[in-house]
Amino acid sequence: MFLRKKDDTPVYASVLMISITICVWFLLILGFLKKFDIYNAFSNPASEVFLVAIYFVLLFFLYRFYRKDRASKILKEFDEKSLFFKNFWTAITIIMLILPIVSTALLVNSHIK
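Residues numbered from 1 in each chain as written. Predicted model: local features only at pLDDT ≥ 70, side-chain atom pairs only at ≥ 80, totals over all residues. Heavy atoms only, no water.

**What about the overall build of the protein chain?**
Right, so step 1: Scanning the protein chain from N- to C-terminus turns up four helices and zero strands.
Right, so step 2: Helices and strands in the protein chain line up, N terminus first, as α-α-α-α.
Right, so step 3: Counting only residues that meet the buried cut, the protein chain has 17% of its 113 residues in that class.
Right, so step 4: For the protein chain, restricting intrachain contacts to residue pairs at least 6 apart in sequence, the fraction spanning at least 24 positions comes to 61%.
Right, so step 5: For the protein chain, the accessible area works out to roughly 9,000 Å², and carbon and sulfur atoms hold 72% of it. (Helix = DSSP H or I, 4+ residues; strand = E, 2+ residues; numbered from the N terminus. Buried < 20%, exposed > 50% of the residue type's maximum accessible area, 1.4 Å probe, protein only. Contact = heavy atoms within 4.5 Å. Areas by Shrake-Rupley, 256 points an atom, 1.4 Å probe, with all protein chains shown as cover.)

The structure is reproduced here in C-alpha cells:
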C-alpha cells in the first residue's frame, strides 16, 4: 500500500498514515467551505500547488518529530499503559480515520441531489 523503501521502518509507515489522515481532514474542511460557499480552494491551480507544497512540508516536520529514538520512546510508554487506555486510543484512531471518509461520502451525496 505504501511506497516501500530499503530498511522500511514502522516510523516510515506511521508518518505516512498520519500525514494522509491530516490531509484527508484538511480536504474535508476545504470541501465543507466550498459547499457552503465560504471559500473555494480548488478554483485556482496555484492554490492546488500550494496545497501540495504544504503536504511536503508536513511530511518533513513529521519525519523530524518522529525520529527513531522518539518513536521507540513513544512505543515503550504506550506498551506500559493499561489495556483500557490502549483500546480507547485504538477506537479513537479508527474513528479519526473513518469519520472523514463517511463525512465526505455524505457531503458528496448531498451535493449530487
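**Observations regarding the nonpolar core**
Right, so step 1: In this structure, Val11, Tyr12, Val15, Leu16, Leu59, Leu62 and Ala71 together form the largest nonpolar core, which totals seven residues.
Right, so step 2: The set of elements that each furnish at least two residues to this core consists of α1 (10-35) and α2 (45-65).
Right, so step 3: If you tally residues by element for this core, the top one is α1, at four residues. (Core = buried A, V, L, I, M, F, W, Y, C linked by side-chain atoms within 4.5 Å.)

**Quick notes on α1**
Right, so step 1: Counted at 1.5 Å a residue, the expected span for α1 with its 26 residues is 38 Å, and the 37 Å between its end C-alpha atoms agrees.
Right, so step 2: For α1, the full list of buried residues reads Val11, Tyr12, Val15, Leu16, Ser19, Thr21, Leu28, Leu30 and Gly31.
Right, so step 3: Backbone geometry just downstream of α1 places Asp37 in the positive-phi region, at approximately 55 degrees. (Expected span 1.5 Å × (residues − 1).)

**Focus: the side chain of Thr21**
Right, so step 1: Tracing the chain through its elements places Thr21 in helix α1.
Right, so step 2: Look at Thr21 and you get buried, because its relative accessible area is 16%.

**Some words on the environment of Tyr39**
Right, so step 1: Topologically, Tyr39 is positioned in the loop between α1 and α2.
Right, so step 2: Ignoring any residue separated from it by four or fewer positions in sequence, one finds Tyr39 in contact with Leu30, Leu33 and Lys34.

**Description of the pattern of salt bridges**
Right, so step 1: A full pass over the atoms with the stated rule returns one salt bridge.
Right, so step 2: A salt bridge links Asp69 to Arg67; the nearest nitrogen and oxygen atoms lie 3.3 Å apart.
Right, so step 3: Residue Arg67 is classed as partly exposed on the basis of its relative accessible area, which comes to 44%. (Salt bridge = Lys/Arg side-chain N within 4 Å of Asp/Glu carboxyl O.)

**Things to note about the confidence of the model for the protein chain**
Right, so step 1: Per-residue pLDDT for the protein chain averages 80, and the proportion of residues at 70 or more is 88%.
Right, so step 2: Per-element mean pLDDT across the protein chain ranges from 80 in α1 up to 85 in α2. (pLDDT = per-residue confidence, 0-100.)

**Concerning the packing of α1 against α2**
Right, so step 1: In the contact formed by α1 and α2, the axes pass within 10 Å of each other and the chain directions differ by 145 degrees. Here α1 and α2 pass one another in a crossing that is right-handed. Every residue of α2 that contacts α1 at Tyr12, Val15, Leu16, Ile18, Ser19, Ile20, Ile22, Cys23, Phe26 and Leu30 is listed here: Leu51, Tyr55, Leu58, Leu59, Leu62 and Tyr63. (Axes fitted to C-alpha atoms, helices over the stretch in contact; angles between N-to-C directions. Left-handed = near helix turned anticlockwise from the far one by under 90°.)

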